[in-house]
Amino acid sequence: MTVLPALNGLPVGIALAVRAEPFSAALAARSWSIRQKAERRAHLLLLQSDRGRASWQGTEIALAAPTLLWLPGNVDASVEVSAGAQGFLLSMDDDFLIKIVAGNAEALHLRRTTERVALIAGETLAPHLDAVAHSCRAIAAELRSPGYGGATLISSHLLLLCLQLLRLSASHDGPHEMAARGGGPALVGNFLQMVELHYRDGWAVTHYAKALGVTSDKLHAHCQREKSCGPRAIIHERLLREACTRLQQLDLPVEQIGYGLGFRDPAYFNRFFRKYRGASPGNYRRQIRLEHARSGPSYAAWP
């Protein structure tokens, strides 16, 4: 078994992927310059007291506590807080952030939220300030003095912060933006992205529709209009494509491949595959391998 090296008691991956810098009343103002190069990192600034200033992509704005500023991993920015300011500056690797939200039911909306600048302040943030500050404080404390399960604790609090950001940002969305999320091609595009995240989880069409905030009938109608087939057929096609790939490339038992795709009953996986391919998974695998053997080695595989 390979044991990941640790940094300050945490696996190196998470210790480098997440950084947290608390700041409190000081004698001088503090500033940070965020320059995204090879390393893409999202940043969260929580200003609990006093004032500050931030600029990004030609936009400059004064900050007054309480303020939550989210800067995605593709934005260069500069941030400054006054001498009396208190709060936190968190940064996280973009790939690590994607992994945190990917397994969540709201993954699609979370990712869309974290890919854009968000500024939440004043009365909108005030009722949620303690919860946001608690997560920031917990992350900073765990990075400083890690304990058992520290990686899970940090990941959990980052997910909580992203969920808070999603809720607070949604309250700022205008009717046109909300409509764009749920109509026509945009709805189908969101559905296709969600299928990529959850096609192995056995979600029913109703589950997808609920996560997208629409009825099953509306989702079906738009899929028929945009893709000439219903959402169930789209899910099944994605499952079938993955099953064919795994049967061709992996030397695992057919039952194990089916289990990895969410089929708890091997007989059901067999029926599902036969319905669309006209052959059982085992026969399909033997047929593909026989065809490859007849065609000889591929020049693309040569060194």
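Because the structure is a prediction, the values reported are computed rather than measured.

Draft legend 1. Inspection of the overall build of the protein chain at higher detail. Along the backbone of the protein chain there are 14 helices and 11 strands. For the protein chain, buried positions account for 42% of its 303 residues. Residue pairs at least 24 apart in sequence account for 71% of intrachain contacts in the protein chain once pairs closer than 6 positions are excluded. Carbon and sulfur atoms provide 53% of the accessible area of the protein chain, an area that totals close to 16,700 Å².

Draft legend 2. The arrangement of the pattern of salt bridges in detail. Under the definition given, this model contains 10 salt bridges. A salt bridge links Arg 30 to Glu 21; its shortest N-O distance comes to 2.2 Å. A relative accessible area of 29% places Arg 30 in the partly exposed class. Looking at Glu 21, the relative accessible area reads 29%, which means it is partly exposed. For Glu 60, the salt bridge identified is with Arg 53, shortest N-O distance 3.4 Å.

Draft legend 3. Spatial organisation of the nonpolar core. One finds Leu 46, Leu 68, Leu 90 and Leu 158 to be the most contacted residues of the largest nonpolar core, which totals 33 residues. Contributions of two or more residues to this core are made by β5 (41–49), β8 (67–71), β10 (86–93), α2 (94–102), β11 (118–121), α5 (129–144) and α6 (150–170). Excluding its chain neighbours within four sequence positions, the residues that come into contact with Leu 90 are Arg 19, Ala 20, Ala 42, His 43, Leu 44, Cys 136, Ile 139, Leu 158 and Leu 161. Of all hydrophobic cores here, the second largest spans 29 residues; its members include Leu 187, Ala 243, Ile 257 and Phe 269.

Draft legend 4. Summary view of the sheet that holds strand β9 (residues 77–81). Pairing is antiparallel across the open sheet formed by 4 strands, whose spatial order is β4-β9-β6-β7. Each edge of the open sheet carries a strand with a single partner, namely β4 (30–34) and β7 (59–64). Strand after strand, the sheet turns through a mean of 10° between neighbouring axes, direction not considered. Two strands pair when backbone bridges link them, and strand β6 (residues 51–56) and β9 are joined in this way by 5 bridges, in the antiparallel orientation. Note that in β9 the partner of Gly 52 across the bridge is Val 81.

Draft legend 5. Here's a closer look at the packing of aromatic side chains. Across all of its chains, the model carries 9 aromatic pairs by this definition. Ring centres of Phe 263 and Phe 272 lie 5.1 Å apart, and the angle between their planes is 45°; this geometry places the pair in the tilted category. In this structure Phe 272 comes out as buried when scored by relative accessible area, which is 5%. Aromatic ring contacts, followed pair by pair, group Phe 263, Tyr 268, Phe 269, Phe 272, Phe 273, Tyr 276 and Tyr 284 into a single cluster. Above the ring of Tyr 199, the side-chain terminus of Arg 238 is found at 4.4 Å from the ring centroid.

Draft legend 6. The pairing of β8, seen in detail. Burial within β8 is extensive, with 5 of its 5 residues counted as buried. The alternating pattern of β8 places Thr 67, Leu 69 and Leu 71 and Leu 68 and Trp 70 on opposite faces, both of which are buried. Bridge analysis of β5 against β8 gives 5 bridges, and the strand direction is antiparallel. Paired with Leu 46 across the two strands is Leu 68, which belongs to β8.

The rules behind these values
Residues numbered from 1 in each chain as written. Predicted model: local features only at pLDDT ≥ 70, side-chain atom pairs only at ≥ 80, totals over all residues. Heavy atoms only, no water. Helix = DSSP H or I, 4+ residues; strand = E, 2+ residues; numbered from the N terminus. Buried < 20%, exposed > 50% of the residue type's maximum accessible area, 1.4 Å probe, protein only. Contact = heavy atoms within 4.5 Å. Areas by Shrake-Rupley, 256 points an atom, 1.4 Å probe, with all protein chains shown as cover. Salt bridge = Lys/Arg side-chain N within 4 Å of Asp/Glu carboxyl O. Core = buried A, V, L, I, M, F, W, Y, C linked by side-chain atoms within 4.5 Å. Pairing = 2+ DSSP bridges. Axes fitted to C-alpha atoms, helices over the stretch in contact; angles between N-to-C directions. Phe/Tyr/Trp six-rings, centres within 6.5 Å; stacked < 30°, edge-to-face > 60°. Lys NZ or Arg CZ within 6 Å of the ring centre and 35° of its normal.

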